[in-house]
Amino acid sequence: MPEPVVIIGAGQAGVQTAFSLRDMDYSGEITLLNGENFLPYQRPPLSKSYLKNSVTDSSLIFRNEQLYESKQIEIMQASTAIKINRQTKSVSLTTGEELPYGKLVIATGARNRILPFDGGELKNVFQLRGLEDAKRLRLELQKKPKIAVIGGGFIGLEFASIAKELGAQVTIVEAASRVMARAVCPTLSDYVQKVHLARGIEILLAQKIVAINSSSDFATDLQMHDGSKLPCELVLVSVGIIPNSELAEAAGLTVSNGIQVDATLHTSDPDIFAIGDCACFPSDFSGRNIRLESVQNAVDQAKTVAENICGTSTEYGSIPWFWSDQSDLKIQIAGLTSNADTTVVSGDPATGKFSVCCFTNNRFVGVESINHPADHMAARRLLAAGRKITVQDISHPGATLKSLAKS
Ligand SMILES: Cc1cc2nc3c(=O)[nH]c(=O)nc-3n(C[C@H](O)[C@H](O)[C@H](O)COP(=O)(O)OP(=O)(O)OC[C@H]3O[C@@H](n4cnc5c(N)ncnc54)[C@H](O)[C@@H]3O)c2cc1C
């Protein structure tokens, strides 16, 4: 009989692992520990359509209850793992239960980074990570408050665009000199920033918040490092995430910017894997250890782990891709482009539909597209095929990513 598999965390990566195991005919017991009290759900819509009330709670759910039953996946709701006991190969739960495993998959995701000063506890200061957060924010947005968004990353910008659409006054405060600086090249940052400014969102760059001023448990204004103040009625803190790696660390597994795994996604214990937002893996694509925060990475790592539990020795080597929807901008990124030193624009930004091809040390590393899914898909094909396209190739008159992918 195959060994029992326990999966800690029923998010994108955990749920995918369970179903992929069954798709691969794994016949051992599968237990999925869900730290939350809802059926597992997708997070991307929480900063997008869900805030506008255009999708229901039930449409967020990955699979309905009957599917877990029919696939014999035991999902334990509101069950948090508090300890991994490697000697006895078991997991201790908050409920007092002790769950034995043959193989353990840690898919604990991440939590929001908090600000290094007081204010997070105030009644009108919010974060956005889970369904409860999104529910509260959706309700608040109906009041069309004056909003300060701390952090101009993907989630901050997505939230800001919806809030603006719903009639709020929105200011984004970003510590870096451009928006989405951690993930995209300056050309894309500049373009997206201009679009948001044109829609009436105020963006303060290179501005550091040093305090949240309050009165009667409510934030009243943000205090900037230059002494200025930004009055607000609602604050969204969106300053990145921290991997949930404490369980692994306490169990003596190697941890550095997340739970360290090898190319086959094993941790330093051969019976324990880590995947998704919480895992730091050796990326062939980038030539270093990285941690990715994306649906693609969670899903593809889950499939690799399922294959390895089923007995193969598969290395994880998917091409990274990501998307973000901000008002009518569909941003799609293929590859890893944040360290690009050379960029070439393909198409005309004036049309609102174009791509930026990115190179590092003359190596083609990815493409950032605005409203151009065909370019995005062509870029993924080029990267997957390991095609070494050059700056000259894409700069050639008439050259497109699609034509290069076909040639
Ligand atoms: C608002 C929002 C919008 C996003 N938009 C996009 C997007 O547009 N495109 C994109 O590619 N990605 C997007 N992402 C990122 C994407 O959702 C994540 O990368 C993905 O969910 C990671 O999957 P995961 O399984 O690793 O982690 P999660 O989906 O976060 O799941 C981890 C689960 O583990 C649980 N858990 C943690 N500790 C324990 C424990 N001790 N015991 C039991 N359970 C535990 C957590 O409660 C959680 O449910 C977005 C994320 C958010 C929050």
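On a predicted model such as this, the values are computed, not experimentally measured, just so you know. (Residues numbered from 1 in each chain as written. Predicted model: local features only at pLDDT ≥ 70, side-chain atom pairs only at ≥ 80, totals over all residues. Heavy atoms only, no water.)

**Overview of helix H9 (residues 373-384)**
- The terminal C-alpha atoms of H9 lie 16 Å apart, and with twelve residues this matches the ideal 16 Å at 1.5 Å per residue to within 8%.
- Listed as buried for H9 are Asp375, His376, Ala378, Ala379, Leu382 and Leu383. Projection of H9 onto a plane perpendicular to its axis shows the buried side chains occupying an angular sector of 165°, all on one side.
- The inward-facing, buried residues of H9 abut strand E22 (321-326), strand E23 (329-335), strand E24 (342-348), strand E25 (353-360), strand E26 (363-370) and helix H11 (401-406).
- Of the residues trailing H9, glycine 386 is marked for its positive phi of about 70°. (Helix = DSSP H or I, 4+ residues; strand = E, 2+ residues; numbered from the N terminus. Expected span 1.5 Å × (residues − 1). Buried < 20%, exposed > 50% of the residue type's maximum accessible area, 1.4 Å probe, protein only. Arc of directions from axis to C-beta. Contact = heavy atoms within 4.5 Å.)

**Considerations on the sheet that holds strand E6 (residues 98-100)**
- The three strands lie next to each other as E4-E5-E6, forming an open sheet whose pairing is antiparallel. Of all the strands in the sheet, the pair left with one neighbour each is strand E4 (81-85) and E6. The sheet shows a mean angle of 25° between the axes of neighbouring strands, taken without regard to direction.
- Examined bridge by bridge, strand E5 (residues 90-93) and E6 share three bridges and lie antiparallel to one another. Residue serine 92 lies in a different strand from E6, and its bridge partner there is glutamate 98. (Pairing = 2+ DSSP bridges. Axes fitted to C-alpha atoms, helices over the stretch in contact; angles between N-to-C directions.)

**Points about the UniProt feature "domain: FAD/NAD(P)-binding" (unreviewed entry) in the protein chain**
- Listed under "domain: FAD/NAD(P)-binding" (unreviewed entry) in the UniProt record, and renumbered for this structure, are residues 5-302.
- Along residues 5-302, the helical share is 24% and the strand share 28%, with 13 Å between the first and last C-alpha atoms. (UniProt positions renumbered as here; feature names shortened; annotations may be inferred.)

**Concerning the packing of aromatic side chains**
- Enumeration over the complete set of coordinates arrives at seven aromatic pairs.
- Both rings, one in tryptophan 321 and one in tryptophan 323, keep their centres 6.3 Å apart while their planes meet at 35°; by these two values the pair is tilted.
- Between phenylalanine 359 and phenylalanine 364, the aromatic rings sit 5.8 Å apart at their centres with planes inclined by 45°, giving tilted as the arrangement.
- In this structure phenylalanine 359 comes out as buried when scored by relative accessible area, which is 0%.
- The positively charged end of arginine 138 is found above the aromatic ring belonging to tyrosine 50, 4.0 Å away from the centroid. (Phe/Tyr/Trp six-rings, centres within 6.5 Å; stacked < 30°, edge-to-face > 60°. Lys NZ or Arg CZ within 6 Å of the ring centre and 35° of its normal.)

**Focus on the UniProt feature "domain: Reductase C-terminal" (unreviewed entry) in the protein chain**
- The positions that UniProt labels "domain: Reductase C-terminal" (unreviewed entry) are, in the present scheme, residues 321-405.
- Along residues 321-405 one finds 26% helix and 42% strand; the C-alpha atoms at either end are 17 Å apart.

**Things to note about the site of the ligand**
- Every one of the 29 residues lining the ligand counts as a neighbour, but Ala13, Glu36, Lys48, Arg129 and Asp277 are closest to it.
- The contact in question runs from an oxygen atom of the ligand to an N or O atom on the side chain of glutamate 36, over 2.9 Å.
- The contact in question runs from an oxygen atom of the ligand to an N or O atom on the side chain of arginine 43, over 3.0 Å.
- In the complex, 93% of the free accessible area of the ligand, which totals 990 Å², lies under the protein chains.
- Looking at the shell around the ligand, the elements with two or more residues in it are helix H1 (12-23), helix H8 (295-309) and E22.
- A breakdown of the residues in the shell around the ligand according to their chemical character gives twelve nonpolar, eleven polar and six charged. (Near = heavy atom within 4 Å. Polar contact = N/O pair within 3.5 Å; in protein donor to acceptor, adjacent residues only side chain to side chain. Areas by Shrake-Rupley, 256 points an atom, 1.4 Å probe, with all protein chains shown as cover. Nonpolar A, V, L, I, M, F, W, Y, C, P; charged D, E, K, R; others polar.)

**Quick notes on the pattern of salt bridges**
- In this structure the tally under the stated criterion is 18 salt bridges.
- Residue glutamate 246 pairs with arginine 111 through a salt bridge whose shortest N-O separation is 2.7 Å. Taken as a pair, glutamate 246 in helix H7 (residues 246-250) and arginine 111 in strand E8 (residues 110-112) lie far apart in primary sequence, 135 residues in all.
- The class for glutamate 246 is partly exposed, based on a relative accessible area of 41%.
- What makes arginine 111 partly exposed here is its relative accessible area of 33%.
- Salt-bridge contacts for glutamate 293 lead to arginine 291; the nearest nitrogen and oxygen are separated by 3.0 Å. (Salt bridge = Lys/Arg side-chain N within 4 Å of Asp/Glu carboxyl O.)

**Quick look at the nonpolar core**
- Formed by 51 residues in total, the largest nonpolar core has its most connected members in Leu32, Leu33, Ile84, Val91, Leu104 and Ile106.
- Listed in part, the 42 residues of the second largest apolar core include Ala160, Ile162, Ala168 and Val170. (Core = buried A, V, L, I, M, F, W, Y, C linked by side-chain atoms within 4.5 Å.)

**Focus on the sheet that holds strand E21 (residues 288-290)**
- One open sheet holds the three strands; their spatial order is E18-E20-E21, and the pairing between them is mixed. If you trace the sheet from one side to the other, it starts and ends with strand E18 (259-260) and E21, each paired once.
- In this sheet, strand E20 (residues 279-283) lies alongside E18 in parallel orientation, the contact comprising two bridges. From the neighbouring strand, glutamine 260 faces E20, where its bridge partner is cysteine 280.

**Details of the side chain of aspartate 221**
- Within the secondary structure layout, aspartate 221 lies in strand E14 (residues 218-224).
- Within the buried core, aspartate 221 has no salt-bridge partner, and the shortest N-O distance to an opposite charge, that of lysine 229, equals 4.8 Å.
- Among the polar contacts made by the side chain of aspartate 221, one reaches the side chain of asparagine 213 at a distance of 2.7 Å. (Lys, Arg positive; Asp, Glu negative; His and termini not counted.)

**Brief notes about the pairing of E20**
- Among the five residues that make up E20, four are buried, leaving the element largely enclosed by the rest of the structure.
- Connecting E20 to the next strand, E21, in antiparallel fashion are four residues, including glycine 287 with a positive phi near 75°.

**Observations concerning the environment of proline 100**
- Turning to its location among the elements, proline 100 is positioned in strand E6.
- For the pair proline 100 and proline 4, spaced 96 residues apart in the sequence, the C-alpha separation amounts to 7.6 Å.

**Some words on unusual backbone geometry**
- Positive phi, normally seen in glycine, also occurs at asparagine 53, with a value near 70°.
- Of note, asparagine 53 is situated in the loop between strand E2 (30-33) and helix H2 (57-60).
- Accessibility expressed as a relative area gives 47% for asparagine 53, which makes it partly exposed.
- Positioned with a positive phi, aspartate 217 is a non-glycine residue whose angle comes to about 70°.
- Inspection of the secondary structure assignment puts aspartate 217 in the loop between strand E13 (209-215) and E14.

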